[in-house]
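Examining the three-dimensional arrangement
Below, each chain spelled out in residue letters.
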Amino acid sequence: MSAAEPLLRVEDLRVEFPSEDGVVHAVDGITYQVFPGRTLGIVGESGSGKTVSSLTALGLTRRQGARISGRILFEGQDLLTLSEDSMRAIRGNDIAMVFQDPLSSLHPLYKVGRQLTEAVRAHRDVSKSAARERAIELLGLVGIPDPSGRVDQYPHEFSGGMRQRVMIAMALANEPKLLFADEPTTALDVTVQAQILALMERLQRELGMAIVIITHDLGVVAEMADEIAVMYAGRIVETTSAARLFASPEHPYTWGLLKSIPRLDSLRDEDLVPIPGTPPSLINPPSGCHFHPRCPYAQPDHSRIDPALEPVPDEPTHHVACLLESDVRRRLWEQLGEGKTPEQALVGVGLPGAAT
Amino acid sequence: MSAAASEPLARVRDLVKHFPITRGIVIQRKIGAVRAVDGVSFDIERGETLGIVGETGCGKSTTAKLIMRLLEATSGEIDFEGTDITRVKGARLKAIRREVQMIFQDPYSSLNPRKTIGSIIAEPFAIHGLLREKGERKREVQRLMETVGLNPEHYNRYPHEFSGGQRQRIGVARALALNPKLLIADEPVSALDVSIQAQVLNLLRDLQRRLGLTIVFIAHDLSVVRHMCDRVAVMYLGKIVELGPNDALYSFPRHPYTGALLAAVPVADPSLHGSERRPLSGDVPSPANPPSGCRFHTRCPKAQPLCSTQDPVLEDKGSGTMVACHYPLDQEEVAAMGVRSAR
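What counts, and where the lines are drawn
Residues numbered from 1 in each chain as written. Chains lettered and ligands numbered in written order. Predicted model: local features only at pLDDT ≥ 70, side-chain atom pairs only at ≥ 80, totals over all residues. Helix = DSSP H or I, 4+ residues; strand = E, 2+ residues; numbered from the N terminus. Rg over C-alpha atoms; globule rule 2.2 N^0.38 Å. Buried ≥ 20, exposed ≤ 12 C-beta atoms within 10 Å, placed from the backbone. Pairing = 2+ DSSP bridges. Contact = placed C-beta atoms within 7 Å. Axes fitted to C-alpha atoms, helices over the stretch in contact; angles between N-to-C directions. pLDDT = per-residue confidence, 0-100. Nonpolar A, V, L, I, M, F, W, Y, C, P; charged D, E, K, R; others polar. Parallel < 35°, antiparallel > 145°, perpendicular 65-115°, else oblique. Left-handed = near helix turned anticlockwise from the far one by under 90°. Domains from an automatic or database assignment.

1. Some remarks on the overall build of chain A
Across its full length, chain A carries 13 helices and 12 strands. Against the 2.2 N^0.38 benchmark of 21 Å for 356 residues, chain A shows a C-alpha radius of gyration of 22 Å, consistent with a compact globule. With the C-alpha coordinates of chain A rotated into their principal frame, the extents come out at 70 × 45 × 45 Å. Here chain A, with 356 residues, has 47% of them falling under the buried criterion.

2. Brief notes about the pairing of strand E3 (residues 39-43) of chain A
Residues and elements named next belong to chain A. Most of E3 sits out of view: 5 of its 5 residues are buried. Burial of E3 is two-sided: the residues Thr39, Gly41 and Val43 facing one way and the residues Leu40 and Ile42 facing the other way are all buried. Inspection of the sheet shows E3 paired to strand E8 (residues 210-215) by 5 bridges, in the parallel sense. Of the residues in E8, the one forming a bridge with glycine 41 is isoleucine 213.

3. A word on the sheet that holds strand E5 (residues 83-84) of chain B
Residue and element names in this part refer to chain B. Read from one edge of the open sheet, 4 strands run E2-E1-E4-E5, paired in antiparallel fashion. Both edges of this open sheet fall to strand E2 (29-44) and E5, since each of them pairs with a single strand only. Both strand E1 (residues 10-23) and E2 contribute to a ladder of 12 bridges, which runs antiparallel. Paired with proline 20 across the bridge in E2 is alanine 33. Across the face of the sheet, helix H1 (residues 60-67) comes into contact with E1, E2 and strand E4 (75-80) while running at roughly 75 degrees to E2.

4. Quick notes on the confidence of the model for chain B
Confidence along chain B averages 90 in pLDDT terms, with 97% of residues attaining 70 or more. Predicted as a complex, the structure gets a pTM of 0.88 and an ipTM equal to 0.83.

5. Re the interface of chain A and chain B
On the side of chain B, 39 residues touch chain A, which itself brings 38 residues to the contact. If you list the elements that add at least two residues to the side of chain A that touches chain B, you get helix H7 (160-171), helix H8 (190-207), helix H9 (218-224), helix H10 (242-247) and helix H11 (252-259) of chain A. Looking at the side of chain A that touches chain B residue by residue, the classes come out as 20 nonpolar, 11 polar and 7 charged.

6. A closer look at the sheet that holds strand E6 (residues 100-103) of chain B
Residue and element names in this part refer to chain B. Taken in spatial order, the 8 strands of this open sheet run E6-E7-E8-E3-E9-E10-E12-E11, and their pairing is mixed. A single partner strand is all that each edge strand has here, and the edge strands are E6 and strand E11 (315-316). Relative to strand E8 (residues 214-219), strand E7 (residues 182-186) is paired through 5 bridges, and the arrangement is parallel. Bridging from a neighbouring strand, alanine 185 pairs with phenylalanine 217 of E8. In the packing of helix H9 (residues 256-264) onto the sheet, contacts are made with strand E9 (231-236) and strand E10 (239-245), and the angle to E9 comes to roughly 100 degrees.

7. Here's the deal with the packing of helix H5 (residues 164-176) of chain B against helix H6 (residues 194-211) of chain B
Residue and element names in this part refer to chain B. Between H5 and H6, the least distance of the axes is 9 Å, while the angle of their chain directions is 20 degrees. Taken together, the axes of H5 and H6 are roughly parallel relative to one another. Seen from above, H5 lies across H6 with right-handed handedness. Of the residues in H6, those in contact with Gly164, Gly165, Gln168, Arg169 and Val172 of H5 are Ile196, Gln199, Val200 and Leu203. Across the contact of H5 with H6, the residue classes break down as 4 nonpolar, 4 polar and 1 charged.

8. Focus on the environment of Trp255(A)
Residue and element names in this part refer to chain A. Within the fold, tryptophan 255 resides in helix H11. For tryptophan 255, a count of 24 C-beta atoms within 10 Å puts it in the buried group. Taking C-alpha positions, tryptophan 255 is 9.2 Å from isoleucine 275, a pair spaced 20 residues apart along the chain.

9. Re the pairing of strand E10 (residues 235-241) of chain A
All names here are of chain A. Here E10 lies mainly inside the structure; 6 of its 7 residues are buried. Bridge count for strand E9 (residues 227-232) against E10 is 6 bridges, and the pairing is antiparallel. Its bridge partner being in E10, isoleucine 228 is matched across the sheet by threonine 240. Where E10 meets strand E12 (residues 315-320), 2 bridges bridge the pair, whose relative direction is antiparallel. For glutamate 238, the partnering residue across the bridge sits in E12 and is valine 320.

10. Brief notes about the domain arrangement of chain A
Accessible area lost upon the coming together of the parts is a frequently used measure of interface size. Residue and element names in this part refer to chain A. We note that the domain assignment places domain 1 (1-94 + 174-273 + 311-325) and domain 2 (108-165) within chain A. Taken over C-alpha atoms, the centre of domain 1 sits 28 Å from the centre of domain 2. Listed as interface residues are 10 residues of domain 1 and, on the opposing side, 11 residues of domain 2.

Below, the structure is given as structure tokens:
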């Protein structure tokens, strides 16, 4: 895939919001790319900057007084330099989005059909009846039974899963090349989540669009993503292929995430290893490596030196921002894989204990 | 399953809760009922963690509220050590309330922002008129704070000074204050970040072992329930469709709904992401007008004519769980569904 030109390339993006308590560094210099027809998963907890970075790519943080720097190249064009009008022509047309909560993203007083035709007519000069035909076709495409009847219903007449299908239909109205899906299934039950994920995969195959899926759920990205970027405190701390991220993760934060979720396919009595502490403030992020206050493997100088996102030796597509040596990281992950605690793993590789 | 020989702590029998649907503002007429819980029976054994799983609207939280007596049951009984919780009044109800405590889902809205942590955790003592001597009460509160991993010196701080995970610890400390016989945890980690969830789950598991607590653990996350619980009840539209020991239920689910739920859980391992899954189609029907016969028959891939006419009873089908199904899954079908916890 690396031969193809990326559809979207985000370069050193920074987004800051001035607030009463100080400047919030929501996104602190991230770089990633998305290739046509592929899926990038962005994983992180609340406050990691995963949503803000995508809203910025869609031009939706401008009005909130955000200070934005860096470049967001979509098919070679820097979206940050576009006027609000040109941005509006792209948003909902070439780039579309699906939000977490389908109930608050649909207007409760308008029929679903009207909201869909609006999405079509915002970008295409078509008649109302043609737009309505398109709306019915879209509802059918996302698997809503009886689309020509449902088109005249209101959002409250749809269940949660059906509403999310409507949101996806709306996003697909103009056959976008790129779809941002921000926690698209978090508000849904597991069986409905499975339906929506299967739907997104099918539509991606049929329409060839690229997807950026933003979620905190490692299971969802494992199912959906080709590449994954892990965000922490406004930065990408690790990025690689989905297969590699789960098989040989190299960042201690990624280990923490993987070890802190119970899994259906693991031994039941396996203890969870929580990440100590809490996510940091984005107004005064920790010095040096942002993760060092919570990292069991942090060494004294990690609070001074800020790690860059660098390729792992012999793995040009696997980037990690960690100050530990790569072979130390690999040995630590081996030890964790054997069921050792972080403290035991430290002893196992002969590192001094964490400097906390 | 530590105390299987003794009497169960509580027996729930044919528990029903219908919420009336009314029309009219001044003169209200009852035009129907949401059958939130519709005939549920199970035991709560001493010292066990009993999980109740199911999707939105299956009645799991309503069941919890009925056990807490936060709702009045329409019919049925909850025998708690010889007392029927659904019918007690006055002083005896207050006594029962001491024995059953709850941990809530949202640690942000379940703590009074204007009260200090110390007074929040001491609230149960105040309500029940215990430990009236101030120094004694403070010592007990600080002991509780230590038990749940909070710094006792933070006694005079306010909830906003704590993170989500720490707030949930405060909620746990408050629930433990009266040394209850039964703890009900309703989605205790679903509002927390992934890294924090594990802290709270480990705390609950540790407390359960150390203090021999009996916990009813309600959650929609099947992986979390598997991690935490000894026995699991799966609910669908107000009924229990399958009930059994954790290992049996997860390794050999018999009810097609249990199988579908387990197959739908995304697993954090792309190498297991092999054959394309066939998600359950359709939505959960309205509990105001549930399907006839087996309530799952409208979505069940194995449904036969019998299923739409006859409601199956919850019974032992020889694999360790109780299952309410006319045509339970066999091992091949479970494997074909892609259930990741299957043996």
